[in-house]
Amino acid sequence: MSNLEYYQDIYQKLLIADGHCDTILDLFKSGRSFWANEQSGHIDWPRITSSKMNLQFLAFYIEPQFKPHGALCRVLELLAFYNKLKLEKEVTTVLSKSDLCSLKPESECRFLLAIEGGEVLESKLSTLSILFQLGFRSLTLTWNQRNFLADGAWENNSKGGLTQLGKQVVLEMNRLGMLIDVSHLSTAGFWDVLALTDKPIAATHSCCAALFDHPRNLSDAQLLALKEVNGIIGINFYPDFLGDKNGGVDLVIKHLEHAASIAGIDFVGLGSDYDGIDHTPLGLEDISKLPSIVDKLIKRGWQEEDIRKVMGGNFIRVLKEVLPNA
Ligand SMILES: [Zn+2]
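Residues numbered from 1 in each chain as written. Predicted model: local features only at pLDDT ≥ 70, side-chain atom pairs only at ≥ 80, totals over all residues.

Asker: So, the overall build of the protein chain: which residues are in play, and what are the values?
Answerer: When its secondary structure is counted, the protein chain shows 13 helices and eight strands. Over its C-alpha atoms the protein chain spans a radius of gyration of 18 Å, differing by no more than 12% from the 20 Å that the globule rule assigns to 326 residues. Dimensions of the protein chain, computed from C-alpha atoms along their principal axes, come out at roughly 60 × 45 × 40 Å. In the protein chain, which comprises 326 residues, the proportion classed as buried is 49%. (Helix = DSSP H or I, 4+ residues; strand = E, 2+ residues; numbered from the N terminus. Rg over C-alpha atoms; globule rule 2.2 N^0.38 Å. Buried ≥ 20, exposed ≤ 12 C-beta atoms within 10 Å, placed from the backbone.)

This is the structure we're talking about:
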């Protein structure tokens, strides 16, 4: 088998998952089509198809002007937009474990709905189960600032973690079957979540602080702790978090390999942050370039089984442990 055939053979057999993108808001604001490649943005259906993506998280990012009051309404507005998109072509929203068990490498991409910012709850625990009923399966507890649930990464100096409501939210998300996302959370908040959760958690789009010290990146101790709860870090493609504005695919690989060396190969995945980042690594300009990661991993001597885990297998395993059965 030639190198190219070997590469294509491996790629065809992978389940590919991406733990974070901000495409919904980008589509909503820009008016570009999701169903055509208009050469703008990072993600659309044609490019998802060419990347062979199987599971794409869609984070509903709440812009500052809608926080704290108006956050829920804004998320509902974005949900109505997503539901309208779905009318144009039938796509599957992942709601339960069975939506993941039926995924095959050749399956069309399915979407997991997430919200980026606990402000959406408008300080009521009961909002969570309503959002669950509406189809959301993940919540990033904070963005960078402080909210009703916890302090964000920009408030690290405060040493503030989860509020009482934040603690209730963690338990309720465990109960409902929603994935807790600790990207953007303060360090103290991270440890508070770890102490409470009885399900795996995710840092869906973060990088490694040992390689680049940034409030959005996780320390080695945090990477190890993710392993303790069977969780996952999705490596963010944003050059400002990776540590070199002019970096390329190799830099993403460096963070993948570091996270795997500390937490273990079963606890690392991809969290591109596409359509939420203003520049991308060279060679990873949009979602269609994902094969270049696999190409590099093969050249660096990664085993097929390890590539399978990092490219999507791990995220799917975590979700199978968290989401409701049906
Ligand atoms: Zn984010």
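Asker: Please give an account of the pairing of strand β7 (residues 232–235) that cites residues and values.
Answerer: Alternating residues of β7 divide into Ile232 and Gly234 and Ile233 and Ile235, and every residue in both groups is buried. Two elements, strand β6 (residues 202–206) and β7, share three bridges in a ladder whose sense is parallel. Considered in β7, the bridge of Ala203 is made with Ile233. Read from β6 through helix α9 (residues 220–228) to β7, the crossover connection turns out right-handed. By the bridge criterion, three bridges tie β7 to strand β8 (residues 268–270) in an arrangement that is parallel. Along β8, the bridge assignment pairs Gly234 with Gly269. (Pairing = 2+ DSSP bridges. Right-handed = clockwise from strand over helix to strand, strands pointing away.)

Asker: Go over the packing of α9 against helix α11 (residues 249–263) with me, naming the residues and quoting the values.
Answerer: Packing of α9 against α11 brings their axes to within 8 Å, and their N-to-C directions diverge by 65°. Every pair of crossing elements has a handedness; the one defined by α9 and α11 is right-handed. Between α9, through Asp220, Leu223, Leu224, Leu226 and Lys227, and α11, the contact on the second element is made entirely by Ala259, Ile262 and Ala263. Here the contact of α9 with α11 is composed, by residue class, of six nonpolar, no polar and two charged. (Axes fitted to C-alpha atoms, helices over the stretch in contact; angles between N-to-C directions. Left-handed = near helix turned anticlockwise from the far one by under 90°. Contact = placed C-beta atoms within 7 Å. Nonpolar A, V, L, I, M, F, W, Y, C, P; charged D, E, K, R; others polar.)

Asker: Break down helix α13 (residues 304–322) for me, citing the residues and quoting the values.
Answerer: In this model α13 runs 26 Å from its N-terminal to its C-terminal C-alpha over 19 residues, within 8% of the 27 Å that 1.5 Å per residue would give. Considering bend angle alone, the principal kink of α13 is centred on Gly313 and spans about 60°. Listed as buried for α13 are Ile307, Lys309, Val310, Met311, Gly312, Gly313, Asn314, Phe315, Ile316, Val318, Leu319 and Val322. (Expected span 1.5 Å × (residues − 1). Bend = angle between axes of the 7 residues up to and from the residue.)

Asker: Provide a residue-level description of the nonpolar core, including the pertinent values.
Answerer: With 96 residues, the main nonpolar core has Leu58, Ala114, Ile180, Ile233, Ala259, Ala263 and Val268 as its most contacted residues. Sort the elements by how many residues they give to this core and α13 lands first, with eight residues. Leave out the neighbours within four places in its chain, and Ala263 touches Leu223, Leu224, Leu226, Lys227, Ile233 and Val268. (Core = buried A, V, L, I, M, F, W, Y, C linked by C-beta atoms within 7 Å.)

Asker: Describe helix α4 (residues 71–88), with residues and values.
Answerer: Relative to the 26 Å expected for 18 residues at 1.5 Å per residue, α4 spans 26 Å between its end C-alpha atoms, a close match to the ideal helical length. Taken as a whole, α4 has its buried residues at Ala71, Leu72, Arg74, Val75 and Leu78. The buried residues of α4 occupy an angular sector of 160° when the element is viewed end-on, so they sit on one face. The exposed residues of α4 that point more than 90 degrees off its buried face are Cys73, Ala80, Asn83, Lys84, Leu87 and Glu88. Looking at the buried side of α4, the elements it contacts are α2 (23–30), β2 (55–61), β3 (110–116) and α6 (126–133). (Arc of directions from axis to C-beta.)

Asker: Residue-level account of the pairing of β2, with values.
Answerer: Of all seven residues in β2, seven are buried; the element is thus mostly enclosed. Side chains of β2 alternate between two faces, with Leu55, Phe57, Ala59 and Tyr61 and Gln56, Leu58 and Phe60 buried alike. Of the strand pairs in this sheet, strand β1 (residues 17–18) and β2 are connected by two bridges, and their pairing is parallel. Across the sheet, residue Ala17 finds its bridge partner in β2, namely Leu55. Looking at chain direction, β2 and β3 are connected through seven bridges and run parallel. Each bridged residue has a counterpart across the sheet, and for Phe57 the counterpart in β3 is Leu112.

Asker: Go over the environment of Glu116 with me, naming the residues and quoting the values.
Answerer: Summarising the element assignment, Glu116 is placed in strand β3. When the C-alpha positions of Glu116 and Ser138 are compared, they lie 8.6 Å apart, and in sequence the two are 22 residues distant. Beyond its immediate stretch of four places on either side in the chain, Glu116 contacts Ala59, Phe60, Tyr61, Ile62, Thr140 and Trp143.

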